Amino acid sequence: MSNEQPVLELEGLSVTLPAGADRPYAVEDVSFAVRKQEILCVVGESGSGKSVTAHTVMGLLPRKQLTPVRGAIRLLGENLLEKTPQQLRDLRGARMSMIFQEPMTALNPVHRAGDQIEEVLRIHTDLSEKQRLARVLEVMDAVRLPDPQKMRHSYPHQLSGGQRQRIMIAAALALEPALLIADEPTTALDVTTQAQILKLIKDIQREHDTGVLFITHDFGVVADIADRVVVMQTGKVVEEGPTERLLKSPQHAYTRMLISAVPSLTPRHREEPARSQVVLSTRNLNKIYGGGGFFQKAREVHAAKDVTLDIRRGETLGIVGESGSGKSTVARCIVRLIDPSGGQIFIDDDDIALLPTRLLRRHRRRVQIVFQDPYRSLNPRLTIGKSLVEGPMNFGLSRKAAWERARDLMNLVGLDPKAVDRFPHQFSGGQRQRICIARALAMEPEVLVADEAVSALDVSVQAQVLELLDEVRAKFDLAMLFITHDLRVAAQVCDSVAVMHRGVVVEYGRTAALFADPQHAYTKSLFEAAPGRDWAFGEFEELSAAQAGAT
Amino acid sequence: MLGFIVRRLLATIPVMGVVALFVFLMLHLSPGDPATVIAGDYASPADIERIRAKLGLDQPLHIQFGTWVWSLLQGDLGISIFSNLPVTQLIGQRLEPTLLLALTTLIITVVVAVPMGVIAAWKAGTWIDRSIMIFAVVGFSIPVFVLGYILIYFVSLKLGLLPVQGYRPISEGFFPFLRSITLPALTLSVIYIALIARITRASMLEVLDEDYVRTARAKGQLEWKVLIVHALRNAAVPIVTIIGIGIALLIGGVVVTESVYNIPGLGRLVLDAILKRDYPIIQGLILMFSFVYILINLAIDILYTLIDPRIRY
Amino acid sequence: MTLSVERDSFAGSFRANVAALRRQAFQRYPTIGIGGSLLILMIFVAVFAPVVATDDPIALNPIERLQPPGTDHWFGTDMFGRDLYSRTVYGTRISLIVGLSAAGLSVLFGLIIGLIAGYIRLLDAILMRVMDGLMAIPGILLAIALVSLSGASLVTVTIAITIPEIPRVVRLVRAIVLSVREEPYVEAAVSMGTPLPKILLRHVLPNTVPPLIVQATYVCASAMLLEALLSFVGAGTPPEVPSWGNIMAEGRAFFQITPWIIFFPGIALAVTVLAVNILGDGLRDTLDPRIAKKM
């Protein structure tokens, strides 16, 4: 271990939560250090305190609500907790800077990109306007933004997600800070963009000797970028170590659990069943948004182009794609939450693509959907039971039988049947997603559509919900349509996969074959971008005594 | 840009049409015969007949509407029943005091209310914020005319600082004009200040929760610059919107304030006309005020594109 | 409400918590209590006006005309010698009747029209243009014109005041409907074959209740102001009705000698409106901070 002074050193840091919270400390007795030329990943699930830790370092905690009460934060040896607000302000943006999760909202929408980089120079330097401009162009070039001279005049909404994050990074690096804090900087980005941004952060850190504190929930990202890893759980550090050691032989049970929960990119072996009956199929399904305003010419978006898919009984078809690929559009057309612009959707032999609402109702039962956001999927004003019986009673089931079924289903999805009288806010996100699955099953559907149903969940909860989905598919011999942006998840639950890109299915085949040998250039790029693709998470090696002693 | 303005201008046509239809139907669908209503309680049958013919009330309804709209399009608001003068001419004579009163009020309001709202949001939860919010809710609750009389009583009668009532046109000198307009404008601006200060605070609070405000702080930006450079401009759209919608409040307030302070403006013209049931004037003025409101809000729509680059045209 | 940092959705949980913390800090104002008890007091005065008042509010007594406030007549007398205190007490009735009826009626009609506009595309465009038009006409002028045309009475005044308030309620309801129908739980109901009326009743309507209660208080406050204003400019309830506006209108001529004729009912009106506004603010902060901010 080097004796050189670390860039950032946290020592016994504790941050209190306000009275009435579910625990006294957001962060408790946290110590770790970021060394020069090092990327330290702090990894944890939501509520682990990783983000609060990062905000505490920057002095960006909301006043009077979260307060650091103990410990020290040393930036190049100076304790930040002893600084005046003025001194802290002089350090922010100059010696330490931060980039955030959502580059769209982190950039001011009414200021031009170049001005937002230049702002840092205005605040902290006496450079002339000409010098500032030169520096802006220089850093824009350093973060590999094309045509800086032109792009500095753009507003954030005119840029892509990746370009926006590059602008953020450029602003953060304009004064060559000693410490860069990156708070989930790629979580809101598509996987191909994520790969580029991760590479950029790594390159820049090497070129400029910057210490990087990188907050993430994603072990794939950890594997790709981290030199060392700190694992946090409910405000405390549970384990720390070099990346390879920590991923291969984690010591703490929580770390082991987290890493084991990461789905593997290698498709799970699935029985190749006798080709069962096709339950749902689309033929040249099209959806065009917009067009035809009265006073205003609306722009047309061809969200789905000639999509042709088959889903068989007892099988799961995955649609994989990045944002804007049209995968959710297809799902919503199939459930008929939106009206397709053309093509056919067959359930057995009935074409429901263009059925008017009146005739559609009788088919509603047959296709059910589970949505992404567990917090908005249940009516907050109704008890769980009332949400569960609504559908069956629409189709004539008696009140008594419907409640009976609701309780059975609660049991089936692993919840207490007595909880039917509770309200959604009394459940966690994972539990709510179980309830949504129960609600869909209550209709005794033939097809179950899961639209990013596990994307908003922490990785450990995600694994359990995926397990449940696969169980109910097998138990009820359901045809399942699984929409996801995550190749790892798709590898674990899908029998077949369709890859969508800009509204078009570019590749479609059995999961094992497609993952083993992707044909289309876009599919290949998706696989190349998948973070941590070279790692087999959860296949742990036991440490030898000597190795353990070294850490 | 020009295309956008033209499109927006076209989009106001149906709204203006609806207003015209309302104003027209108000007279013709109200219970009783309009001519009798207009003529008043002591009119002779001959008077009523004269009014009926004059207003074209003997024609079928749609013809009447058509004729009326056609003359409106030519800028003809009709002839006053009592003074026999064109309504447009009457409006022209009374325009100055109303316009200047509204303008002064608007200036006072923006200058006072926006900083108040910004400070309240910045100091949210403190006694400064609370005092400003109490002023805002009280200001919003005092009837304009009661406030007018309170101000006259203390400032003019007790302290003798400003004239009690009346209006001095700007042509008689700026200073006398200013003395005559000060109290009315203050009276009128209180409710408007209360409204704008509240919305400024609310929209600033919302914006201060945004990520880019955190980014600005992360860059080490000074707190007041965070407020002005980053937050206020983003909060401007709702503020400007409410200023526009508040124009309706302002117009209503003008009518009352002119009555309290005895200012010979459009508000007095319309009140007198209502008491005398001089229908062409009432219709003309309601139409004019509504069109002004629509056009101001159109201008504000166009202003949005300058404030926020995301709003496309 | 207990705050929780333990949520198993990672997206923005930190930010959400900060926002929730901040909101909670602002909500500790005792506004509902103050506004509510003031309003209850006013309702009490209105209901028990005969007991609370000292004299007959319409009995003429020319000998005691234009008396200043004193022990005989707490608020003084008007130009016909009528006791101002008693007239002010009875005036509470008119103000509250008009305020509450206008609030109830505008919410009722606004809700119906708003639901239709939010759910039936075809009618939406037409209805909203009509509402835009109605909103463009200054409320005071519209009300004055309506009253002067249809004859002054409590009913016509109430209707005339209600009409200009409706468009705002319609816009509010429509905005809620449009956002709620995008909620996944409503889409889930659609995919479960729940018929439209039931969706409206079970899933959409309950979301409109909190903001509508808040909106109703604001309508009530503005209706009371407008009612007084109409009387004040001579286009309100018939002059013999002891409404605050009428009392003040009569006091105009003698304002320089007997300002209390305007001040006492004016203060009563201001306090009542203030009570309703404070109550509204308190309800808004508690019931729906999210929508409240946008108002």
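That block above? That's the structure.
Residues numbered from 1 in each chain as written. Chains lettered and ligands numbered in written order. Predicted model: local features only at pLDDT ≥ 70, side-chain atom pairs only at ≥ 80, totals over all residues. Heavy atoms only, no water.

J.: When you look at the pairing of strand E20 (residues 504-510) of chain A in this model, what are you seeing that I'm missing?
T.: A regular strand places its side chains so that they alternate between the two faces of the sheet. Residues and elements named next belong to chain A. Note that strand E19 (residues 496-501) and E20 share six bridges and pair antiparallel. Paired with His501 across the two strands is Val504, which belongs to E20. Hairpin geometry of E19 and E20 is characterised by an intervening segment of two residues between the two adjacent antiparallel strands and by a positive phi of about 50 degrees at Arg502. (Pairing = 2+ DSSP bridges. Helix = DSSP H or I, 4+ residues; strand = E, 2+ residues; numbered from the N terminus.)

J.: Explain the packing of helix H6 (residues 139-150) of chain C against helix H9 (residues 196-232) of chain C here, please?
T.: Axis angle and axis distance: for two packed helices, these are the angle between their axes and the distance between the axes, and together they describe the pair. Residues and elements named next belong to chain C. Close contact between H6 and H9 brings their axes to 11 Å; oriented N to C, the two are set at 55 degrees. Relative to H9, the element H6 lies oblique. As for the relative orientation of H6 and H9, their crossing is right-handed in sense. Mapping the contact onto sequence places Ile140, Ala143, Ile144 and Val147 in H6 and Leu226, Leu229 and Leu230 in H9. Of the residues that constitute the contact of H6 with H9, the class distribution is seven nonpolar, no polar and no charged. (Axes fitted to C-alpha atoms, helices over the stretch in contact; angles between N-to-C directions. Parallel < 35°, antiparallel > 145°, perpendicular 65-115°, else oblique. Left-handed = near helix turned anticlockwise from the far one by under 90°. Contact = heavy atoms within 4.5 Å. Nonpolar A, V, L, I, M, F, W, Y, C, P; charged D, E, K, R; others polar.)

J.: Please explain the pattern of salt bridges as it appears in this structure.
T.: For side chains of opposite charge, pairing can occur when their charged atoms come near one another. Following the criterion strictly, the structure yields 43 salt bridges over all chains and no others. Note that C:Arg202 and A:Glu390 form a salt bridge whose closest N and O atoms lie 3.6 Å from each other. Placement of C:Arg202 in helix H9 and of A:Glu390 in helix H14 (residues 384-394) is noted, with the two residues assigned to different chains. Its relative accessible area of 22% is what places C:Arg202 among the partly exposed residues. Relative accessible area serves as the criterion here: at 2%, A:Glu390 is assigned to the buried category. In this structure, the salt-bridge partner of B:Asp301 is B:Arg8, at a minimum N-O distance of 2.1 Å. Pair noted here: B:Asp301 is in helix H12 (residues 279-307) and B:Arg8 is in helix H1 (residues 2-29), with a separation of 293 residues, a long-range link. The network of salt bridges with shared partners includes A:Asp348, A:Asp350, A:Arg365, A:Arg366 and A:Glu446. (Salt bridge = Lys/Arg side-chain N within 4 Å of Asp/Glu carboxyl O. Buried < 20%, exposed > 50% of the residue type's maximum accessible area, 1.4 Å probe, protein only.)

J.: Sorry, what's going on with the sheet that holds strand E2 (residues 25-34) of chain A here?
T.: Residue and element names in this part refer to chain A. Taking strand neighbours across the sheet as the criterion, the four strands line up as E2-E1-E4-E5 in an open arrangement whose pairing is antiparallel. On the outer flanks of this sheet lie E2 and strand E5 (78-79), each paired with one strand and no other. Summarising the sheet, strand E1 (residues 8-16) and strand E4 (residues 67-75) pair through seven bridges and their orientation is antiparallel. The residue bridging Ser14 from the neighbouring strand is Arg70, located in E4. With respect to the sheet, helix H1 (residues 50-58) is in contact with E1, E2 and E4, its orientation differing from that of E1 by roughly 110 degrees.

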